[in-house]
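Secondary and tertiary structure notes
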Amino acid sequence: MPQTPMLEMKGIVKRFPGVLAADHVDFDVLPGEVHTLLGENGAGKSTLMNILYGLQEADEGEILLNGKPAEIHNPTDAIALGIGMIHQHFMLVDTLTVAENVALGLKSGRGALTDLDAVSARIEELAERYGLEIDPQALVWQLSVGQRQRLEIIKALYRDVHLLILDEPTAVLTPQEVDQLFVTLRQMTDDGRGLIFISHKLHEVLALSDRITVLRHGAVAGNTTSEGATRESLAEMMVGRQVKLAPDKPPVEIGPAALQIRGLTVISDRGIEAVSSLDLEVRTGEIFGIAGVSGNGQRELAQAIAGLQEAVAGSIHIDGQETTNLRPAEVRSRGLSYVSEARMREGVIGEFTVSENLLLIDHASEQFVNRGLFDFKAIRSHCEVLVGEYAVKTPTLDTPARNLSGGNIQKLIVARELAGSPKVLVVAQPTRGVDIGAAEYIHARLVDQRSENAAILMISEDLDEVFALSDRIAVMYEGQIIAVVKPGETTREEIGLMMAGVRPTDSRHG
Amino acid sequence: GGDGDATTTTASESAGGASAESFRIAIVAPSASNDLAFTQSIVDGVEAIRGERGNVQVAITDGTFNVDDAAAALRGYAEDGFDLVIAHGSQYGGSLQEIAPDFPDIAFAWGTAADTFGLSNVFAYEAASDEGGYVMGVMAAALSETDVVGVVGPIEVGDAKLYVDGFAAGVVAEEPATTVNINYTGSFSDVALASEAAQAHASASADVLTGTAQMVVGAVGVADELGMLWFGTQANQTSLAPEIVVASQVYRWEVILREILTNIDAGTLGGEAFVIDFDNGGLVIEYNDGYDLPADVRQKADDTIAGIIDGSITTG
Amino acid sequence: MSDFLTQTVLIATVASAIRLAVPLLLASLGETFGQRSGVLNLGVDGIMLLGAFGGYFTVLRTGNVWLGLLVGVLVGLVLGVASAVMAVTLQAEQGISGIGIFLFGLGLSDLLFQRLVGTPLPISSFPKLAVPGLSDIPVLGEMLFRHSVIVYIAFLGVPLSMFIINRTTFGMNIRAVGENPEAADSLGVSVTAVRYATVSIGGTLAGVAGAALAIDLGIFQQNLTNAAGFIAVALVYFGAWRPLGVMAGALLYGFVNALVLQFKTLGIIPRSWSDIAAMAPAIITILALVLVASRFRQPAALTKPFTRGA
Amino acid sequence: MSDFLTQTVLIATVASAIRLAVPLLLASLGETFGQRSGVLNLGVDGIMLLGAFGGYFTVLRTGNVWLGLLVGVLVGLVLGVASAVMAVTLQAEQGISGIGIFLFGLGLSDLLFQRLVGTPLPISSFPKLAVPGLSDIPVLGEMLFRHSVIVYIAFLGVPLSMFIINRTTFGMNIRAVGENPEAADSLGVSVTAVRYATVSIGGTLAGVAGAALAIDLGIFQQNLTNAAGFIAVALVYFGAWRPLGVMAGALLYGFVNALVLQFKTLGIIPRSWSDIAAMAPAIITILALVLVASRFRQPAALTKPFTRGA
Ligand SMILES: Nc1ncnc2c1ncn2[C@@H]1O[C@H](COP(=O)(O)OP(=O)(O)OP(=O)(O)O)[C@@H](O)[C@H]1O
Ligand SMILES: Nc1ncnc2c1ncn2[C@@H]1O[C@H](COP(=O)(O)OP(=O)(O)OP(=O)(O)O)[C@@H](O)[C@H]1O
Ligand SMILES: [Mg+2]
Ligand SMILES: [Mg+2]
């Protein structure tokens, strides 16, 4: 006799202009299990969960809770039905205390007045039971990332949720914090609660899940269990075809150092030393990969090179010329191209057309601008060439960039940045959130640049990418490079350990 | 001030229909026709003329504190062929200087202003409000028991300055020991400041107040509440506080309007400046019947007026 | 000159400062609620003007000042809801929608005044209340405890607002919605309901502030407020979004004006200098901008419309 | 009544509409630059007032209207830079810093006028220019081509602004900074420099608008602009941040006012109805809010200060 599912979503359909984000999706959760949703960016995972939590309304389909039809129109309905959600981004009010964040939206025992003492007492109880240490009186902005995640869990436990949705809860956590989180989550399923887990990290999915459902283009592409699956099989289910991982790298003569960094120190926006006395050199004709858990200073390093963060100490040279603390436009004019990790925020202007986005930087200006005025004919033919060469799928050159898919936006940015034949190319997370086809294409282009003697600094959290492309791999930890190794002379396990801060005993600096 | 608050009245109906020979007068003025102050004085004056001549058609655009709107209205009336277009506001001088030369066949009048800027179709008119101020000052000094009197003014310019200076001169002439505290609030429109200025006068032990411009309504309220006496100007302000208003200086513009019309009838469309004063009857003091003014003070006022008229008293 | 130091003058100055502060305080407290929840309402001055006319006209016709105040409440409430419709439901740019309401109030209040009244007839004012006991304290009693009833009402609004914002669930919701509406929404707090409530409170208090001004002065005229509503908005900033700070700002403003008026009356400062006082509001605002901007954070979601799932 | 249909009246109305539109058009075009780059400057009215006083005073003393216009330019430029310091460098809340500038301009222009002039003495106006050839076209020539020189200057500003915004690298940078300052910054566009430039242009044009108003009217007085600066800000919204739209708004506004004034002057509409015209600015603003809000997107970064890496 099969168990009654605590949740059944049947035939869910959700359309956005031009997109079918959920295409007759069936999905269920049994008491005490972790059911994972897997899929490419834009596959419809968040949409499905937003519908369940009342943040969006489905166009078709029904939701049953414990066999009974449920009407969920807003988060209040969902909360009343025992559903909780931890979002991709923290949903916390920075200026309120931990206790206030927990109490928000709940009925107070004292009517119109707040009842924060009682709330704090209950928080301490829950914290003890689930091993989630936290100070109820602390203000949220004072908490670390890990503590914030704990607060999100406490908010759910406090509301005694039966069904908890976790949308990419591990994206910002260190491996240790992930382990701790998983212990808590297991405790919750032991209580009979059901969990829906979403993550792009396949090893986490395999470690935590009981069942796995894969979404592709809004529709269910398959079901499996952790036991029956491998990372490769999951990847194939997600993309729909065999995935080719490593590009062919022709041999290239390694030249002189085109990017030289000496003793670089950068203070992050939060006031901590994000990069500490860092040295590195990238030579022409090589791809220098930086691996590391995000938050170890990679972002600040890239930004400092691009002139977007101040170097408080040390120097940066590009092609022999010092560029330390020059303005971004000046650094670019010395031969730097930069692909930022924050694609939509820093890479394109959504309202601008494809061709305007292609024109946004200086090297383009010199070619197509005559005394401050545009030469529209030359621009159009240049853009047509680029869009064709980089296979950017766009209806016209005058389409606003925001209407392109994530992968095509990334191709657009790469096309723009590579068009000037940079001497030094800094790319951060070049294929994050990009589907496999586009990723293969971008990888091939990076390899082309390497063949044309660019010096490429590639920052990536994706170890497969780092291994496949890099000529040398550096591991960054707490603002420093703790090792530089050759991909053929190390293993993923070794790199993983170093990413957690374990320094290699026999360092093989390349 | 609100933009385009201008309102227009055409009073032709009561004039018994616009016959071909009827004389047409247009007024453009900054505040409301019934403001108990500046604008009402010209409207009353023109109405008086209409009563006298009968065959007069009157159009009013009031509330044009916005000079832009006033300029458009002035031009509009001129284009429409009015016989006399009155720009009742010193701030309209710039517009008039530009518009009048375009309509050499139409007579304009500009007040309150002292000269016509050499334009042959513009009359200027103003009030010798220092004369009335002086008389009020004499009465105020006589009535004050604390020997302190207060003045609430807007900005130290033009008609307001003339009146206030005359008032102060009158007080000192009557009783040199009396203190005159003068408070220009800096605004024609801030009623709250005018009200607090009256409070400040009270705390400085003034028991008689006067003031000029539209924001004094706030000060009159305070005077009423604290039992101070009030002297009004520009219109009869008795209705604002029937208990404490002693007298008001009232403008009778019809006196000079009569002369202007005579000029126009004779074919002279401008070039002359007029002043209303006690002598020509354009200025009068209206007493509040509800206030029991001692006969000797009334006598002093009448003597002073006579002195001003015969030149034995100078108000400056 | 030595006059300035007399007790009478001191008492008069403080009492005058308090009176001048009242309409600003009422309007600023109301605006504080809106801004704490993330909505900037720049239309305060327009709402004050209509509240002022409504209150004035009611007292003129009925002679009942409390009825006048009630009409101020109702006018303010209606315009507050209208402001909320624009800012919350239509998600209009808040700077612009505020200007719309300001222009609307400025135009309509004058229009109604011209149509329905015309001549500025005086009306009766609020009764004075000498607080039993307290009003007999020498000096202080006369300064602080012999005011119109509306003065006490306005100042009681300060602790009341503090209590609501800091001690009630409604207040906690306001703060949450002003800082992170997405988070509040995800916990079932209705961002729309909270913002409608705060903007309506703001409108209501602006209406009350206008009515209080007109009834206290016993008069109405075109643009009676003289930009007081704009100063009230700036005072919220000056007070760093806290009722006590807002009160301090309103009192400072009242005090500067009262002092200058006393100085002028007594001839202590030359007339040519005293006009500088006209600049007080601008100078206070700009000072506040510089000081507050560097020390306090504004509500993170201020002026940002919220759409679920955007 | 039949008067209304005469050619003379028609010509007068259109010509009047154009004259009334000029200061609004100049100020709105300037504000368009600022808003397209993400900065809302609500202080336009204050800058206009100071520009108006500066222009007026200069002409009063020198008799040279072009010198007056130049002073308007300089005053506007200085205040534009001051606005940029507050909005860009100090990152003050733009609604509030605008109010600060408004109050500053309102107070200072009046103060200076009282101190330095007092009585509103008239000054000479811009010369009229009948455009050779065009001005002889029947009807149209008289309506459109027999205006003050400043009218042509203002309307030439429209194609010029369109050209700058859409066809130059500076214009592209403006749009980029207004939509996504992070991206513009990371691509080497200086957000600070662009915003200083646009806010200064906005200030300069506001100063010119004020000077043009005062010189065209030949007068200055307290609060000469009568909230025209606020209407100009609203017109930018009305015009959906496009110079042509802004021009349409300014002309519509001028036309409504001119028409109503003509109607009133000619006694065509009853007094009780014509007052409704006083509400035109408010109604146009609110209509714009409702219509534009649903059809056009505002610059995504409007009112948002930019800090690198925030
Ligand atoms: N509010 C919206 N309006 C229009 N389209 C939307 C909206 N929200 C999501 N979409 C589209 O719906 C599709 C599914 O998006 P969804 O966010 O559910 O993907 P996801 O699987 O959660 O991706 P990710 O892994 O990036 O979180 C995408 O094409 C997305 O662009
Ligand atoms: N927020 C949005 N609003 C409107 N349309 C959107 C939105 N997000 C995505 N889309 C549209 O949805 C479509 C699908 O986007 P999605 O990112 O899922 O594409 P994709 O098939 O994964 O493409 P790619 O292979 O490049 O990643 C795109 O055409 C895009 O224009
Ligand atoms: Mg995709
Ligand atoms: Mg998602």
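Residues numbered from 1 in each chain as written. Chains lettered and ligands numbered in written order. Predicted model: local features only at pLDDT ≥ 70, side-chain atom pairs only at ≥ 80, totals over all residues. Heavy atoms only, no water.

Of the regular secondary structure elements, chain C holds 13 helices and two strands. Counting only C-alpha atoms, chain C reaches 65 × 45 × 45 Å along its principal axes. Buried residues in chain C amount to 64% of all 310 residues. Of the contacts formed within chain C by residues at least 6 apart in sequence, a portion of 80% connects residues at least 24 apart. Total accessible area on chain C is roughly 10,400 Å²; 69% of this is exposed by carbon and sulfur atoms. Side-chain charges in chain C split into 16 positive and 12 negative, and the spacing between the mean points of these groups amounts to 4 Å. (Helix = DSSP H or I, 4+ residues; strand = E, 2+ residues; numbered from the N terminus. Buried < 20%, exposed > 50% of the residue type's maximum accessible area, 1.4 Å probe, protein only. Contact = heavy atoms within 4.5 Å. Areas by Shrake-Rupley, 256 points an atom, 1.4 Å probe, with all protein chains shown as cover. Lys, Arg positive; Asp, Glu negative; His and termini not counted. Charge placed at Lys NZ, Arg CZ, Asp CG, Glu CD.)

In this section: the pairing of strand S14 (residues 311-318) of chain A. All names here are of chain A. Across six bridges, the pairing between strand S11 (residues 257-267) and S14 is antiparallel. Paired with Val-266 across the two strands is Ala-311, which belongs to S14. As judged from the two bridges shared by S14 and strand S15 (residues 321-322), these two strands associate in the antiparallel manner. Bridge pairing in S15 places His-317 opposite Glu-322. Turn length for the S14-S15 hairpin, with the two strands adjacent in sequence and antiparallel, is two residues, and the turn residue Asp-319 shows positive phi of about 55°. (Pairing = 2+ DSSP bridges.)

What follows is about the packing of aromatic side chains. Residues and elements named next belong to chain D. Taken as a whole and judged by the stated rule, the model has 26 aromatic pairs over all chains. Both rings, one in Phe-53 and one in Phe-220, keep their centres 5.5 Å apart while their planes meet at 80°; by these two values the pair is edge-to-face. Placement of Phe-53 in helix H2 (residues 44-62) and of Phe-220 in the loop between helix H9 (191-217) and helix H10 (228-238) is noted, with a sequence separation of 167 residues between them. Note on Phe-53: relative accessible area 4%, which makes it buried. (Phe/Tyr/Trp six-rings, centres within 6.5 Å; stacked < 30°, edge-to-face > 60°.)

Attention now goes to the confidence of the model for chain C. Residue and element names in this part refer to chain C. Scored by pLDDT, chain C has a mean of 87; 90% of the residues are at 70 or more. Ranking the elements of chain C by mean pLDDT puts helix H12 (residues 271-274) last, at 56, and helix H2 (residues 44-62) first, at 97. Scoring the predicted complex yields pTM 0.79 and, for the interface, ipTM 0.74. (pLDDT = per-residue confidence, 0-100.)

Looking at the assigned domains, one finds that chain A contains domain 1 (7-239) and domain 2 (257-499). Here the C-alpha centre of domain 2 of chain A lies 34 Å away from the C-alpha centre of domain 1 of chain A. (Domains from an automatic or database assignment.)

Quick look at the site of ligand 1 now. Residues and elements named next belong to chain A. Neighbouring ligand 1 are 14 residues, the closest being Asn-41, Gly-42, Lys-45, Ser-46 and Thr-47. At 2.9 Å from an oxygen atom of ligand 1 is found a main-chain nitrogen or oxygen belonging to Gly-44. Here Thr-47 contributes a side-chain N or O atom positioned 2.5 Å from an oxygen atom of ligand 1. Among the elements of the structure, strand S2 (19-29) and helix H1 (45-52) are those that each provide at least two residues to the shell around ligand 1. (Near = heavy atom within 4 Å. Polar contact = N/O pair within 3.5 Å; in protein donor to acceptor, adjacent residues only side chain to side chain.)

Let's shift gears to a nonpolar patch on the surface. Residue and element names in this part refer to chain C. A cluster of nonpolar side chains, contributed by Leu-67, Leu-70, Leu-74, Leu-77, Val-81, Val-85 and Leu-90, occupies part of the molecular surface with about 520 Å² of accessible area. Tracing the backbone through its elements, the reader meets Val-81 in helix H3 (residues 65-89). By relative accessible area, which is 33% here, Val-81 ends up partly exposed. (Patch = residues over 30% accessible without salt bridge, like charges linked within 9 Å, V, L, I, M, F, W, Y side chains within 5 Å. Salt bridge = Lys/Arg side-chain N within 4 Å of Asp/Glu carboxyl O.)

Another aspect to go through is the arrangement of the chains. The interface with the highest contact count, out of five pairs of chains in contact, is the one between chains C and D. Spatially, chain A and chain B are disjoint, and the shortest separation between their C-alpha atoms is 37 Å.

This part is about the sheet that holds strand S7 (residues 163-167) of chain A. All names here are of chain A. One open sheet holds the six strands; their spatial order is S6-S7-S8-S3-S9-S10, and the pairing between them is mixed. Of all the strands in the sheet, the pair left with one neighbour each is strand S6 (83-86) and strand S10 (219-225). Recorded for the sheet is a direction-independent mean angle of 20° between the axes of neighbouring strands. Across five bridges, S7 lies against strand S8 (residues 194-198) in parallel orientation. Residue pairing in the sheet places Leu-163 in a bridge with Gly-194 of S8. (Axes fitted to C-alpha atoms, helices over the stretch in contact; angles between N-to-C directions.)

Ranked by size, the top nonpolar core spans 198 residues in total, and within it Phe-108 and Trp-230 of chain B, Leu-25 and Leu-224 of chain C together with Leu-224 of chain D carry the most contacts. At twelve residues, helix H1 (residues 7-36) of chain C tops the list of elements feeding residues into this core. With 61 residues, the next largest nonpolar core counts Ile-25, Ile-49, Leu-84 and Leu-269 of chain B among its residues. (Core = buried A, V, L, I, M, F, W, Y, C linked by side-chain atoms within 4.5 Å.)

Before going further, it helps to examine the interface of chain C and chain A. Interfaces are often sized by the amount of accessible area the parts lose when they come together. Each partner contributes to the interface: chain C provides 21 residues, whereas chain A provides 27 residues. Surface buried jointly by chain C and chain A totals about 1,900 Å² across both partners, of which 65% is contributed by carbon and sulfur atoms. The shortest N-O distance in the salt bridge between Arg-175 of chain C and Glu-100 of chain A comes to 3.0 Å. At the junction of chain C and chain A, the tally comes to six residue pairs in polar contact (both at pLDDT 80 or more). Where the side of chain C that touches chain A is concerned, the elements lending two or more residues are helix H6 (149-167), helix H7 (169-179) and helix H8 (181-186) of chain C. The element best represented in the side of chain C that touches chain A is H7 of chain C, accounting for seven residues. Across the side of chain C that touches chain A, the residue classes tally to eight nonpolar, six polar and seven charged. (Buried area = accessible area lost by both parts, 1.4 Å probe. Nonpolar A, V, L, I, M, F, W, Y, C, P; charged D, E, K, R; others polar.)

Here we take up the pairing of strand S7 (residues 148-153) of chain B. Note on strand geometry: in a regular strand, side chains alternate between the two faces of the sheet. Residue and element names in this part refer to chain B. Counting buried positions along S7 yields six of six residues, so the element is predominantly enclosed. As paired strands, S7 and strand S8 (residues 179-184) are joined by six bridges and run parallel to one another. If you follow Val-152 over to S8, its bridge partner there is Asn-183. Bridging between S7 and strand S9 (residues 208-211) involves four bridges; their strand directions are parallel. Looking at the pairing, Gly-150 lines up with Leu-209 of S9.

Attention shifts here to the pattern of salt bridges. For the structure shown, the criterion picks out 40 salt bridges over all chains. As a salt-bridge pair, Lys-300 of chain B and Glu-174 of chain B come within 2.9 Å of each other at their nearest N and O atoms. Of this pair, Lys-300 of chain B sits in helix H9 (residues 295-310) while Glu-174 of chain B is found in helix H5 (residues 158-174), placing the two residues 126 residues apart along the sequence. Since its relative accessible area comes to 31%, Lys-300 of chain B is described here as partly exposed. The class for Glu-174 of chain B is partly exposed, based on a relative accessible area of 23%. A cluster of three or more residues bridged by salt bridges with shared partners is formed by Arg-129, Asp-160, Asp-191 and Arg-193 of chain A.

With that settled, the discussion passes to the sheet that holds strand S20 (residues 455-459) of chain A. Residue and element names in this part refer to chain A. What the six strands build is an open sheet, ordered S16-S19-S20-S13-S21-S22; its pairing is mixed. The sheet is open, and its two borders are formed by strand S16 (336-339) and strand S22 (480-485), each paired with just one other strand. Strand-to-strand twist in this sheet, taken as the mean axis angle between neighbours without regard to direction, amounts to 20°. Relative to strand S19 (residues 424-428), S16 runs parallel, the two being bridged by four bridges. What sits directly across from Ser-337, in S19, is Leu-425.

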